[in-house]
Amino acid sequence: MSISAIKQVEDLLGSESQSLLAYTAKGFPKASLHLPGPDFVDRILANSDRTPAVLRNFQLLLNTGRLGGSGYVSILPVDQGIEHSAGASFAPEPTYFDPESIVKLAIEGGCNAVASTLGGLGIVARKYAHKIPFLLKLNHNEFLSLPNKYDQIMFASVKQAYDMGAVAVGATIYFGSAESTRQIQEVSQVFQAAHELGMVTVLWCYLRNPGFVDKANNKDYHTAADLTGQANHLGVTIQADIIKQKLPELNGGYLFTKHGKTSKKVYSDLTPGDHPIELCRYQLANCYMGRIPLINSGGASGEHDFADAARTAVINKRAGGMGSSQVRKAFQRPLAEGVKLLNLIQDVYLDQAITVA
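Residues numbered from 1 in each chain as written. Predicted model: local features only at pLDDT ≥ 70, side-chain atom pairs only at ≥ 80, totals over all residues. Heavy atoms only, no water.

A. A look at helix α4 (residues 52–62). Residues of α4 that are buried include every one of V54, L55, N57, F58, L61 and L62, and no others. Summarising the axial view, the buried residues of α4 lie within an arc of 165°, below the 170-degree limit, and thus occupy one face. Along α4, the residues that are exposed and aim more than 90 degrees away from the buried face are P52 and R56. Summarising the contacts, the buried residues of α4 are in contact with α3 (40–43), β2 (113–116), α11 (180–196), β7 (200–207) and β10 (242–246). (Buried < 20%, exposed > 50% of the residue type's maximum accessible area, 1.4 Å probe, protein only. Helix = DSSP H or I, 4+ residues; strand = E, 2+ residues; numbered from the N terminus. Arc of directions from axis to C-beta. Contact = heavy atoms within 4.5 Å.)

So this is what it looks like as structure tokens:
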């Protein structure tokens, strides 16, 4: 990373620059973590029950794109056409109604993999499956029914992913929702099937429950470190190989809902001061102390996309994560700008001066 690129990140972080780039974590020391690296498969996953084919495909992910060989990943996931309607997702940049544009953005943006729907990847599979690793998202929230429903249902099978040449599959579980018990069982079964066929498994560990919102105090605990951390811990239990989680914005979800068991140490010793890096590290600690990698997603696209993207990447990397995903920020703009945004995120992970806190 050049001096000008480092200066760009510092400028984008603004007043937070010093607190994020110079912070030393106090909750979980970095020596206790299993950190990303080019030897991650040999050092961590090779000791698991994953098959040689899974190890090969995980290494393929690590070896692809601008981050290839660094131990970090930059994955472009675009399933928004279903989750948020095609109009809401692609109207800002209509070229992305064509799924080939999504794959092109991932390739030109130097991503390790592209994640999308059965139809989206399938329609261009023969042209691109051998050029960039495919990650097929198996389930989605069907968002057309009236009234809207919030449930992840299966749209695709593991065999369809395998047949199109995908090296990985992904799924979402809405932890905390009334439907989560069924979703956990479904995803556990498809992840087992994916591993049997040699594919890597990626789990979107998102929370969904109106009871997680404190309307009186305008606090949304769907991004609380303690609740998202527990979602991560459930996700790695069903053998997700990578956890995708929203960047934590606060803590104390269990203290608000009073519906589960926790420990006072979570809010003192383990996340001292509620620093963003401490909160993200608590998420990572719940991923078997990093034995299962954590990638963080950002929010919706807005006025400060580049600053938000840099901030998420810095927090994730310094917490010990393996990557960040700023999907809507990348594809809701012209191709050149999307590539520039993806490269900015990747530059954070390539910069050896930005270390684990």
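B. Main features of the nonpolar core. Core analysis: the biggest nonpolar cluster contains 80 residues, and L76, L105, F134, L136, F191, L203 and I243 have the highest contact counts within it. When sequence neighbours within four positions are dropped, the list of residues in contact with I243 reads L203, C205, N232, G235, V236, C287, I292, P293, L294 and I295. Judged by nonpolar contacts, the second largest core, of 23 residues, contains F58, I75, A115 and I242. (Core = buried A, V, L, I, M, F, W, Y, C linked by side-chain atoms within 4.5 Å.)

C. Representation of the side chain of K244 in the model. Mapped onto the elements of the fold, K244 is located in strand β10. Despite its burial, K244 pairs with no opposite charge; the closest candidate is D79, at 7.1 Å N-O. Apart from the residues lying within four places of it in its own chain, the contact partners of K244 are P77, L203, W204, C205, Y206, I295, S297 and S325. (Lys, Arg positive; Asp, Glu negative; His and termini not counted. Salt bridge = Lys/Arg side-chain N within 4 Å of Asp/Glu carboxyl O.)

D. Molecular detail of the environment of L136. Topologically, L136 is positioned in strand β3 (residues 134–137). Sequence separation between L136 and G176 is 40 residues, and the spatial gap between their C-alpha atoms is 24 Å.

E. Layout of the environment of D274. As for its placement among the helices and strands, D274 is situated in the loop between α13 (253–257) and α14 (276–285). Residue D274 is classed as partly exposed on the basis of its relative accessible area, which comes to 42%. In this view, D274 contacts N251 and L279; residues no more than four positions away in its chain are not counted.

F. Looking closely at the pattern of salt bridges. Per the counting criterion, the structure on display carries 13 salt bridges. Here D49 ties to R50 by a salt bridge, and the two come within 3.6 Å at their closest N and O atoms. The class of D49 is exposed, set by a relative accessible area of 56%. A cluster of three or more residues bridged by salt bridges with shared partners is formed by D49, R50 and D241.

G. How the structure looks around the packing of helix α15 (residues 305–319) against helix α17 (residues 335–350). In contact at an axis separation of 9 Å, α15 and α17 are set at 25° when each is read in the N-to-C sense. Here α17 runs roughly parallel to α15, going by the angle between their axes. The handedness of the crossing between α15 and α17 is right-handed. Listed contacts from α17 to D305, F306, A309, A310, A313, V314, N316 and K317 of α15 are E337, K340, L341, L344, I345, V348, Y349 and L350. Partitioned by chemical class, the residues of the contact of α15 with α17 number eleven nonpolar, one polar and four charged. (Axes fitted to C-alpha atoms, helices over the stretch in contact; angles between N-to-C directions. Parallel < 35°, antiparallel > 145°, perpendicular 65-115°, else oblique. Left-handed = near helix turned anticlockwise from the far one by under 90°. Nonpolar A, V, L, I, M, F, W, Y, C, P; charged D, E, K, R; others polar.)

H. Inspection of the pairing of strand β11 (residues 294–297) at higher detail. Residues L294 and N296 line one face of β11 and the alternating positions I295 and S297 line the opposite face, and both faces are buried. Examined bridge by bridge, β10 and β11 share four bridges and lie parallel to one another. Note on β11: the bridge partner recorded for Q245 is N296. (Pairing = 2+ DSSP bridges.)

I. Region of the structure containing helix α12 (residues 225–237). For α12, built from 13 residues, the straight-helix expectation of 18 Å at 1.5 Å per residue is met to within 8% by its first-to-last C-alpha distance of 18 Å. Along α12, the residues classified as buried are A225, D226, L227, T228, G229, A231, N232, G235 and V236. Contact partners of the buried residues in α12: β6 (168–175), β7, β10, α13, α14 and β11. Q239 occupies a position one or two residues after α12 and carries a positive phi of about 65°. (Expected span 1.5 Å × (residues − 1).)

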